[in-house]
Amino acid sequence: MKVSMTVNGRLVNGDVEPRTLLVHFIREELALTGTHIGCETSYCGACTVHVDGEATKSCTMLAVQAEGASITTIEGMAKGDELHPVQEGFWERHGLQCGYCTPGMIMSGAALIAGNPSPTEDEIRHGIEGNLCRCTGYHNIVKSIEYAAAKMRGETPPPADWEEVSV
């Protein structure tokens, strides 16, 4: 079956089997391997991308279902050398650990902030609850998203835990 969609701002076409998952189309046909495959059962969220702006686990969607859609993968988040604020937050707040969950976490975090520019810690934790971190490092992931939300609001992010000075 022929499919056509916009991926990271570029119109792409492909010829896929009807049962081809979107994640496989992205990784294998487009060679965008930043989107990870973790469980293929929608449990881990490593494959999260944006489909028409909505965080979507690409292992739950067929490529043909994305016909005409606008897809953003982790490769499409940065603008040249400038990281997306959520990517910057992961860098600044040590949200990166083994890195396997990171692309999905960043995509879910960015979608969360797009819908709620001022999420509370609890809202962030609920917003990423479909994404699993096998390193169990949720604290710094939450801090990374808080950092990004502050940056996107034009505020100075709060200092990192390790930067706070006790008096």
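Residues numbered from 1 in each chain as written. Predicted model: local features only at pLDDT ≥ 70, side-chain atom pairs only at ≥ 80, totals over all residues. Heavy atoms only, no water.

1. Overview of unusual backbone geometry
Unlike most non-glycine residues, Asn8 shows phi in positive territory, near 55°. Within the secondary structure, Asn8 is located in the loop between β1 (2-7) and β2 (10-15). Unlike most non-glycine residues, Glu40 shows phi in positive territory, near 60°. Counting through the fold element by element, Glu40 comes out in the loop between α1 (22-29) and β3 (48-51). Given the relative accessible area of 41%, Glu40 is considered partly exposed. (Helix = DSSP H or I, 4+ residues; strand = E, 2+ residues; numbered from the N terminus. Buried < 20%, exposed > 50% of the residue type's maximum accessible area, 1.4 Å probe, protein only.)

2. Section: the nonpolar core
Within the largest apolar cluster, 19 residues are counted, with the highest numbers of intra-cluster contacts made by Val86, Phe90, Met105, Ile113, Ile128, Ile141 and Ile145. Secondary-structure elements contributing two or more residues to this core are α2 (85-92), α3 (102-115) and α5 (138-152). A per-element tally of this core places α3 first, with six residues. When near neighbours in sequence (up to four residues on either side) are disregarded, Ile128 contacts Met105, Ser108, Tyr138, Ile141, Val142 and Ile145. In terms of nonpolar packing, the next biggest core, distinct from the first, is built from 17 residues, Met5, Leu30, Leu32 and Ala63 among them. (Core = buried A, V, L, I, M, F, W, Y, C linked by side-chain atoms within 4.5 Å. Contact = heavy atoms within 4.5 Å.)

3. As for the packing of α3 against α5
A pair of packed helices can be characterised by two numbers: the angle between their axes and the separation between those axes. At a minimum axis separation of 10 Å, α3 and α5 run at an interaxial angle of 40°. Our classification of the angle between α3 and α5 gives oblique. Once α3 is placed against α5, the crossing between them reads as right-handed. Where α3 abuts α5, its residues Met105, Gly109, Leu112 and Ile113 lie against Tyr138, Ile141, Ile145, Ala148, Ala149 and Met152. Class assignment of the residues belonging to the contact of α3 with α5 gives a composition of nine nonpolar, one polar and no charged. (Axes fitted to C-alpha atoms, helices over the stretch in contact; angles between N-to-C directions. Parallel < 35°, antiparallel > 145°, perpendicular 65-115°, else oblique. Left-handed = near helix turned anticlockwise from the far one by under 90°. Nonpolar A, V, L, I, M, F, W, Y, C, P; charged D, E, K, R; others polar.)

4. Concerning α2
Every buried residue belonging to α2 is among Val86, Gln87, Gly89 and Phe90, and all of these are buried. The buried residues of α2 occupy an angular sector of 155° when the element is viewed end-on, so they sit on one face. As for α2, its buried residues are in contact with α3 and α5. One or two residues past the end of α2 sits His94, with phi positive at roughly 60°. (Arc of directions from axis to C-beta.)

5. As for the sheet that holds β2
Reading across from one edge, β2-β1-β5-β3-β4 is the order of the five strands in this open sheet, with mixed pairing throughout. This sheet does not close on itself; its edge strands, each paired only once, are β2 and β4 (54-57). Taken over all neighbouring pairs, the strand axes of this sheet differ in orientation by 40° on average, direction set aside. The pairing of β1 with strand β5 (residues 70-72) spans two bridges and is classified as parallel. Each residue of the ladder has a partner; that of Thr6, found in β5, is Ser70. Those strands touched by α3 are β3, β4 and β5, and its axis lies near 35° from that of β3. (Pairing = 2+ DSSP bridges.)

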